[in-house]
Each structure stands twice: as C-alpha cells, then as structure tokens.
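So the chains spell out like this:
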Amino acid sequence: MILAVCLFGLWSAMPNFLSLEQRASMQGFLPEKAVSLGLDLKGGLYLELGVDSDAVVKSRMDSLSDQVKDIRRTERLSLRQFKVDGSVLTFNLRDVTEMDKLLPKLRPLAQVNPTLLGVAKAEIEIENDELGNVSVTLTDFGLAELKRQALAQVISVLGKRLDPEGTREMSLQPRGEDRLILQIPGVKEVQPIIDLINQQAVLTFHMVDETTTSDDIARGRVRPSAMIADEYDGETLIRKIAIEKRVMLTGENLKSASVTFDQNNKTVVGFVFDTAGGKKFADITRKNVGKRFAIKLDDRVISAPVINGPILGGSGIIQGGFTVEKATELSTLMAAGALPAKLTVMDQQLVGPDLGADNIKAGKMAIMIGFAGVIVYMVLTYGRFGLAANTALIVNVIMILGLLSILGATLTLPGIAGIVLTMGMAVDANVLVFERIREEQALGRTPMNALENGYRQALSTIFDANFTTFLAAAVLYFLGSGPIKGFAVTLSIGIVTSVFTAVVVTRLILVLWLGGKRLTKLPI
Amino acid sequence: MLRLVPENTKINFLGMRMIALAVSTMLVLASIGLYVSKDLNYGIDFKGGSSVAFELTEPVDLGHIREMLGSLNLGDTSVKEFGAPEKAMVGIELQDGDEEVQNQTIELVKSTFSAEYPDIVYLSSGSIGSTVSGELKSDGILAVSLAVFFVLLYIWFRFEWQFGLGAVIALVHDVVLTIGFFAITQLEFNLSIIAALLTIVGYSLNDTVVVYDRVRENIRRYNKLTLLEVLNLSLNQTLARTLMTSITTLIALFALFFFGGEVIKGFTAAMIWGVVIGTYSSVFIASPMLLFFNVKREQMIIHSDDSQA
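Just so it is clear, the model here is predicted, and its values are computed rather than measured.

*Asks:* Tell me about the overall build of chain B, residues and numbers included.
*Replies:* Helices and strands together make up the secondary structure of chain B, namely ten helices and six strands. Taking the principal axes of the C-alpha coordinates as reference, chain B spans close to 80 × 45 × 35 Å. In chain B, buried positions account for 49% of the 309 residues. Across chain B, every contact between residues at least 6 apart in sequence was considered, and the portion connecting residues at least 24 apart equals 77%.

Given below as structure tokens:
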C-alpha cells in the first residue's frame, strides 16, 4: 500500500525528468503532463485588464433609449424628455391615455435569460406613474448579467485578436466581475500586444455626406443627420470629412478579413461579409454608384473610397496606405470583432526569457544545495536513522512534483522556494520522532519499544504542528495572487506529503531494517 | 554521532524570562518606532509605479543611468544593481494620470536606454496602477490578520485559551520584528514578503505547538512539579528538536539565499530572520506567557481527551 503510493508519486513525477522526445516515445505508459512553468520561469507577459463596466452599461442604456424611440416612431406616441442616468432611463408620455399602448411594447425589450434553476429573471424593470413618467431600470440581475456577458465577450474577442492560430498557450481568465488576467508566454515586446488590446475596434460603414462643403466642415456646420470625422491615410490625418450618422453596416456582419495586395501591389485589407451583410452591401453599392462610402474604425475614418459599381460578391478591400504591420493589425482586429468597451491595463509584468532561464537555473541550484546540506546534516546527527529520513525526503520531493503535475499546478520561482523550504521543514517530523526515540531509550525501554513509543508519542505533536502551518498556507492560497498562490500550493502539498513520508515511509524502512535483528541499543 | 545538545540539559529558560521580555519589548518598540519614522521601502506592488530590469555587455554605470532618468523628469526614481555588475534595475514612482501613462513611461525609459546602449537586453519590466496596488496592500494585511486569527482559534480549540493567547503574542512579536527588520535594512517590501510573513507565522507556530504539546503532556504526567518547573522541563526536552529543525530549515534557506537568484533574495532574507526570531520567540515568549496567564493544572486534566499519561 505504502509502496504503491510512493510508486504512483514517482510515476506521475516522471515526465518532469525527461525531455520532450523521451516523453513522446513513452506515450501511453507515462502521464503526459509535466509541471507547467510560471511566467517568471519561462518568460512572458502578464497583464491585468479592467473592463470599463460603466461604458458597457451606458451602451446598453443608449440602445434601450434608441429602441424606445423606434417604438415612438412606429406607434406614433408622444414621448419626450428622454434621459439616461446610470442604469435608469426615464421619459415622459404626454398623452397618458396612450399608456396601455406603450407598456406592452416596452416589456419585450428585456433580454430574459433563464437562470440555473430555470426561473427567468427580468433584466429590466418598468415603472410608470399617472403623470405619464416612465422609468426603465436595469435590475441588479440585469447589471450582473450585462457585466458577465461583456467579460465573456472580451475574453472571446481578445482570444481571437492575440492568438488567431490558437498556438500561443496564452491564458485569459476573469477575475472579479470586471477584470481579467492575461498571460502570454514567450512575449518580448509589450507594445504590440497593448496596441491590439487598447482598441475597441468598432467597425462601421457610413455614406459620405456629399452635401456638406469643406467650408462647412471647417466651420463645424453640418446637418443634424451627419457628423464630422477624421480621415486617415495610414497613420497620418489627411482631412476632416462629413459622414452620415446612420450606420449602413457594421463589423458584426463580417465573416473574415485578411491582408492582401491590390493591382498596384499596395498592401490592403480584404474582407468578406456574411450572407446577410453581403446582400446589404450589394444593395448599398448598387444604389450609390459614384458616391463615396466611409469605413470607420472607432473614431477614425480609415478609408473613404468611391463606389465604382455594384459589388455583388459580398467581399471588398480597404485601401488606406497601410504598412504590412498595420494591415495585419487591422485585419486581425476586424476578424476578431469589437470589444464591448475599452480596456485598461491595470498591471503589467514582463519577464524576459533570459531572466526566466536564470531563475530556473538558480532554482535548481538552490534545490540541490539545500538538499545536499540537509542530507549530510541528517546523517551526521542520526546516522543510519538519518539515512532513512533522507530516503523519505527524496520520496517527498518526488511526490511533490508528482502531485503538482497531476493537479496541473504551475511552478513559479516562489513555488521552488516553497519546495526548498519544505525540504528543511520536512525532516522536522523525523526529528520529532527521532528525538523522542532517543528519550524513550534513555528512559530504559527496549529498542523496538522505544521505536514504537517514539512514533506514537510524536504523532499528535506532528499533526498539530503541521496543521497550523497548513492553515497559514491555506490563507495564502485564498488571498494571494499569481506567484504567491504558486508558493501556497507547493507549501501545502509539501506539508501533506512530508507528513506521509516522514511518518509512514521512514517507519517502514526502520521496521524492515531492524525487524529481524536482536539489538540491545538503537544506533541513534 | 553528532549531538547538538547534551542529553538531559537543565537550562533555566524561565529564569531568563524577565530579561527576554525586556529585550523583546525594546525590540518591538524599536520596530514600531522605525516603521513610523523610516517607513518601509515598498515595492511597486504596494505603492504602484514601474520597474525595468536590464543587462548590458559592460558593467552598468549606475550614476549615468541616474542622470539619464533624471533628465526624463519622472519624479522619484531608484537605480540598483540586480545580481551582477552588468545587470541593474530601475524603479519609477507612480506617474500622475491613469494606467496608460505608466505603460508609456516604461516605453519612454526603454527607448531612452536603447538609444544609449544598443546592445541592451531587457530582463523584465512591469507597472502597477494605483487601483491594483491598493488592493494588494489591503489583501496582504487581511491575509496576515486572518492567519493569526485562525491560529488563535485552532490552538484555543486544541489546548486552552492561555495557549492560544500565548502563541498569538509570540506570532505578533515575530511579525512586528520582521517588519522592523525591513524598516531598518530598507530591503524592498513587496508581495513576496507577505508570503514570507505568513510562512514565518506558520513556522514559528510549528515550533510553539511542539513546545506546548510537551507542556500539556508534562502537566498531566508530573503533578508534583510547579508550572515553572514543568515549563523548564518541557523546553529542555524539546530543545534538541527545536535547534535541529531550525538548522535544517536554515540550511535550505541559506542555499536559497546564496544560489536562488536575485528575485527571491528579499523573501529568503525575511525567512532567515523569521526562523531565528520564531525559534527565539517560542522558547522565550510563548512559554513564559503560559506562566503569566497562569495555566491551571485542573483545566488540563478535565480536557484529557487524548491523555497519554
């Protein structure tokens, strides 16, 4: 039984000692997982990102407000005094008798999501009074749901943006309701990543407002249905341009985007619409031949080409004086879709590959020297009993590695410190037992009796002492973050395995060794 | 075989309790005084800001780096060697503005250095905004307080309230002295030091519990001895183990300190100090506390659930 546990530990720790090729050749026999290394050991980028939840709420409220205005138009209702304040939309119905007509139209605006228990909870709450004042409020459930969806969308979009091939082994995890942790191994430069993260990348297609003259634009005079935007050629602002506010098509209708070259061998971004988008695009281009079409990304018009003829295939290109890098960035952004809100980098750590390698080397060195020191010292003090404790110590380290592999835990530099520290502390249980045996023997007990008593008496002490350390490690695990968590994991695993090896394994060794012999005194 | 401690020592540890108490009180007051007057050298985890570590092909001219940083007008900056003469790390205080500004600061520093030293290799860089650093600080304080609280509960449950209180006083003593250690050395106090503090709490407690366990056993066994005699006996009986474990742990820690690399030096320094203080406190603080709180023999006998006598 004891041997089985030890062998299992060895088996699961094995992959860590082998190279990748060796591991591949032994597939099926050994577990595939080795301990994964933290960013501080393999190098890479760690970012903590914040989602602007206020903006998410605002955009939901604005869209609610637009939907109510649509109802006003289709039902010819006398609605006025629209106001959005936080998560509350208020407006007034001038003719109170129309209330019965209005309310049934408002209710379907709620996005209802069934909860886990199958009970549908309302996302919005509608209230009205006899003066015709109506308020539409996002419920707490609605707010939480909105943030959850936004976070899920951010994770999906960032995944596509930063790792379109899915080969980077990056990890994106939510933290709290509006934060996420992004970890990408092997990154050397932060800026390109941040450039991809910082853009919301809302892509919209508008018609250019040809009635507004450049003179009007300079004076800031535009029709209410139009707006002034900055037109860019690559990274340079070329002019101000007036475009229709109305959105003809959005990036949501895109199926794919890629970097290609046009007939002049200039770098351009090609895109393909989905079926619905393609149909709309064909429609627009057919009706507007000779007019200009503006493609807007966030607050920049990146291209405003003239429509030369109907485009029926549902695909097109964007010419905008791009460098290959910019075109790649743009096509990645377009293909991945828009973020629900802007992201803020709250915390960033970059570890270069050199430092990572140094850390691994230093960690290995510290483990070996610490190990050797403890082993020599134990033998000097307890002789052959020390050897038994050392065997247990070796089994212990192997079991820690094995458990870390099985749990899929990440080994960080503080984690290595945890292992080294456990080695120092792991012998504690044996020290307790051995000192007790010495005492018992001094009291005049027979060798086997002293051995038995030593183990029995020390056991409750060992339990109490280790449990308290375990408590501290547990607190660290639940409150710590990142590398500290890694330290807490190795420390707690180390405590459990060290008690097992120090109490059970050494005892087995000692009993096997002393069992058949008639000793008058234990050599301790 | 090597014996650290001769058998049957009869050191009168409790006789030194007043001296120990005086020394400890002084050290605790000094630590608090240092903490208030000098404050800790917080890392960017706790105060926010940016850091860049790099390696050159030649030994780093720290003065020149300081001049270059000074010309960038980034406020309070620091420059120090990072493990080897060719390596250095610079710290830059939190810049006014949002998180984006911190990132631009790093890029500015990097581009300035790269222009001066084309062969520069960046080992690491990072920045932490004020939101996250504030959270880390409050989480850290919460973690240490929670750990101490749970310990109090556990020891109370396993022993008696006097033991719980004695252990917690010893722990607070260790934590305060470690903070004092960081105030006087001005070593960087960062997130990993919180981990070290909690590990010290665990370690010191481990030591204390071993002694307390023996005290409980001896109180039940020798009802002729006074409490003071029982405490002295228990401390002497566990002395060999106390020293043995401290030494093996210190061997491992010194290996980490000298060979474990620059990144965890602060952590190991804290641990080494903590192990020494923790060992001292379980002998000279935690045990005398039982005498001050006057543990009654009757209490221990009623609770003889796992009696071994």
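*Asks:* I'd like a rundown of the overall build of chain A, residues and numbers included.
*Replies:* When its secondary structure is counted, chain A shows 15 helices and 21 strands. A total of 524 residues make up chain A; the buried ones form 40% of that total. A sequence separation of at least 24 residues applies to 67% of the contacts in chain A between residues at least 6 apart.

*Asks:* With reference to specific residues and values, describe the confidence of the model for chain B.
*Replies:* Residues and elements named next belong to chain B. Summary statistics for chain B give a mean pLDDT of 86 and a share of 94% for residues scoring 70 or more. When mean pLDDT is taken per element in chain B, helix α6 (residues 161-185) scores highest with 92 and helix α10 (residues 297-302) scores lowest with 64. When the criterion is pLDDT under 50, residues 304-309 qualifies, and its contacts beyond four places in sequence or with other chains add up to seven contacts. Interface confidence for the predicted complex, expressed as ipTM, amounts to 0.79; the pTM equals 0.76.

*Asks:* Got a sec to walk through the sheet that holds strand β11 (residues 203-207) of chain A? Specific residues and values, please.
*Replies:* With respect to topology, six strands assemble into an open sheet ordered β13-β12-β18-β17-β11-β14 (chain A), the strand pairing being mixed. Each having just a single partner strand, β13 (236-244) and β14 (249-250) of chain A make up the two edges of the open sheet.

*Asks:* Break down the sheet that holds strand β4 (residues 87-92) of chain B for me, with residues and values.
*Replies:* Taken together, the eight strands give an open sheet; going across it, the order is β9(A)-β10(A)-β2(A)-β20(A)-β5(B)-β2(B)-β4(B)-β3(B), and neighbouring strands pair in antiparallel fashion. Single-partner strands in this sheet number two, and they are β9 (171-175) of chain A together with β3 (77-81) of chain B. Strand-to-strand twist of the sheet, defined as the mean angle between neighbouring strand axes without regard to direction, takes the value 15°. Strand direction decides the pairing type here: strand β2 (residues 49-55) of chain B and strand β5 (residues 121-128) of chain B, joined by seven bridges, are antiparallel. In the sheet register, Ala 53 of chain B faces β5 of chain B, and the bridge partner there is Ser 124 of chain B. Contacts from helix α11 (residues 353-382) of chain A reach β20 (343-351) of chain A together with β2 and β5 of chain B, with the element oriented near 95° to β5 of chain B. Sitting on the sheet, helix α5 (residues 130-158) of chain B touches β2 (44-51) and β20 of chain A together with β5 of chain B, and the angle it makes with β20 of chain A is about 70°.

*Asks:* I'd love a proper account of the interface of chain A and chain B, names of residues and values included.
*Replies:* Taken together, the contact between chain A and chain B spans 62 residues of the former and 63 residues of the latter. Listing elements by their share of the side of chain A that touches chain B, those giving two or more residues are α7 (191-198), β20, α11, α13 (413-442), α14 (447-479) and α15 (483-514) of chain A. Sorting elements by how many residues they give to the side of chain A that touches chain B places α11 of chain A first, with 16 residues. Classifying every residue of the side of chain A that touches chain B gives 35 nonpolar, 18 polar and nine charged. With five bridges joining them, β20 of chain A and β5 of chain B adopt antiparallel strand pairing. Within β5 of chain B, the position partnered with Gln 349 of chain A by the bridge is Gly 126 of chain B.

*Asks:* So what's going on with the nonpolar core? Residues and values would help.
*Replies:* With 129 residues, the main nonpolar core has Val 420 and Leu 476 of chain A together with Leu 198 of chain B as its most contacted residues. Once residues within four sequence positions are removed from consideration, Leu 198 of chain B is found in contact with Ala 472, Val 475 and Leu 476 of chain A together with Ala 143, Val 144 and Ala 147 of chain B.

*Asks:* An account of the pairing of strand β3 (residues 79-85) of chain A is needed here, citing residue identities and associated values.
*Replies:* Residue and element names in this part refer to chain A. Relative to strand β4 (residues 88-93), β3 is paired through five bridges, and the arrangement is antiparallel. Paired with Asp 85 across the strands is Val 88, a residue of β4. What sits between the antiparallel neighbours β3 and β4 is a turn of two residues, in which Gly 86 has the positive phi angle 60°.

*Asks:* Describe in detail the environment of Gly 132 of chain A, supporting the description with residues and values.
*Replies:* Residues and elements named next belong to chain A. Within the element layout of this structure, Gly 132 appears in the loop between β7 (124-128) and β8 (133-138). Sequence separation between Gly 132 and Met 365 is 233 residues, and the spatial gap between their C-alpha atoms is 77 Å. Residue contacts for Gly 132: discarding those within four places in its chain leaves Asn 92, Leu 93, Arg 94 and Val 96.

*Asks:* Hey, could you go over helix α6 (residues 140-162) of chain A for me, with residue numbers and the actual values?
*Replies:* With 23 residues, α6 of chain A should cover 33 Å at 1.5 Å per step; its first-to-last C-alpha distance of 32 Å lies within 8% of that length. Regarding α6 of chain A, the residues found buried are Gly 142, Leu 146, Ala 150, Leu 151, Val 154, Leu 158 and Arg 161 of chain A.

*Asks:* So, the packing of helix α7 (residues 191-221) of chain B against helix α9 (residues 265-292) of chain B: which residues are in play, and what are the values?
*Replies:* The angle between the axes and the distance between the axes are what describe a pair of packed helices. All names here are of chain B. α9 packs onto α7 with a crossing angle of 30° between their chain directions and a minimal axis gap of 8 Å. In terms of their interaxial angle, α7 and α9 are classed as roughly parallel. For α7 against α9, the interelement crossing comes out right-handed. Its residues assigned to classes, the contact of α7 with α9 shows 13 nonpolar, eleven polar and one charged.

*Asks:* Explain the packing of helix α1 (residues 17-38) of chain B against α6 of chain B residue by residue, including any values.
*Replies:* Residue and element names in this part refer to chain B. Close contact between α1 and α6 brings their axes to 8 Å; oriented N to C, the two are set at 45°. Classified by the angle between their axes, α1 and α6 sit oblique to one another. Between α1 and α6 the crossing geometry is left-handed. Contacts from Ser 24, Leu 27, Val 28, Ala 30, Ser 31, Ile 32, Leu 34, Tyr 35 and Lys 38 in α1 reach His 173, Val 176, Leu 177, Ile 179, Gly 180, Ala 183 and Ile 184 in α6. Of the residues belonging to the contact of α1 with α6, the class tally is eleven nonpolar, four polar and one charged.

*Asks:* Run through the pairing of strand β18 (residues 300-303) of chain A, naming residues and quoting values.
*Replies:* Residue and element names in this part refer to chain A. Examined bridge by bridge, strand β12 (residues 226-233) and β18 share two bridges and lie parallel to one another. Within β18, the position partnered with Asp 230 by the bridge is Arg 300. Looking at chain direction, strand β17 (residues 293-297) and β18 are connected through three bridges and run antiparallel. Across the sheet, Leu 297 pairs through a bridge with Arg 300, a residue of β18. Where β17 folds back onto β18 in an antiparallel hairpin, the turn is made up of two residues, including Asp 298, whose phi is positive at roughly 50°.

*Asks:* Can you explain the environment of Asp 139 of chain B? Please cite residues and give values.
*Replies:* You can see Asp 139 of chain B is positioned in helix α5. Along the sequence, Asp 139 of chain B and Leu 191 of chain B sit 52 residues apart, while their C-alpha atoms lie 10.0 Å from each other.

*Asks:* Can you tell me about the environment of Lys 10 of chain B, naming the residues and giving the values?
*Replies:* Position of Lys 10 of chain B among the secondary structure elements: in the segment before α1. For the pair formed by Lys 10 of chain B and Phe 159 of chain B, sequence separation is 149 residues and the distance between their alpha carbons is 26 Å.

*Asks:* Just give me the short version of unusual backbone geometry, but keep the residues and values in it.
*Replies:* Non-glycine residue Arg 76 of chain A carries a positive phi angle of around 55°. By secondary structure assignment, the location of Arg 76 of chain A is in the loop between α4 (53-75) and β3. Overall, the presence of 9 C-beta atoms within 10 Å leaves Arg 76 of chain A in the exposed class. Of note, Gln 186 of chain B is a non-glycine position whose phi angle comes to about 60°, a positive value. By the element assignment, Gln 186 of chain B lies in the loop between α6 and β6 (188-189).

Calculation rules
Residues numbered from 1 in each chain as written. Chains lettered and ligands numbered in written order. Predicted model: local features only at pLDDT ≥ 70, side-chain atom pairs only at ≥ 80, totals over all residues. Helix = DSSP H or I, 4+ residues; strand = E, 2+ residues; numbered from the N terminus. Buried ≥ 20, exposed ≤ 12 C-beta atoms within 10 Å, placed from the backbone. Contact = placed C-beta atoms within 7 Å. pLDDT = per-residue confidence, 0-100. Pairing = 2+ DSSP bridges. Axes fitted to C-alpha atoms, helices over the stretch in contact; angles between N-to-C directions. Nonpolar A, V, L, I, M, F, W, Y, C, P; charged D, E, K, R; others polar. Core = buried A, V, L, I, M, F, W, Y, C linked by C-beta atoms within 7 Å. Expected span 1.5 Å × (residues − 1). Parallel < 35°, antiparallel > 145°, perpendicular 65-115°, else oblique. Left-handed = near helix turned anticlockwise from the far one by under 90°.

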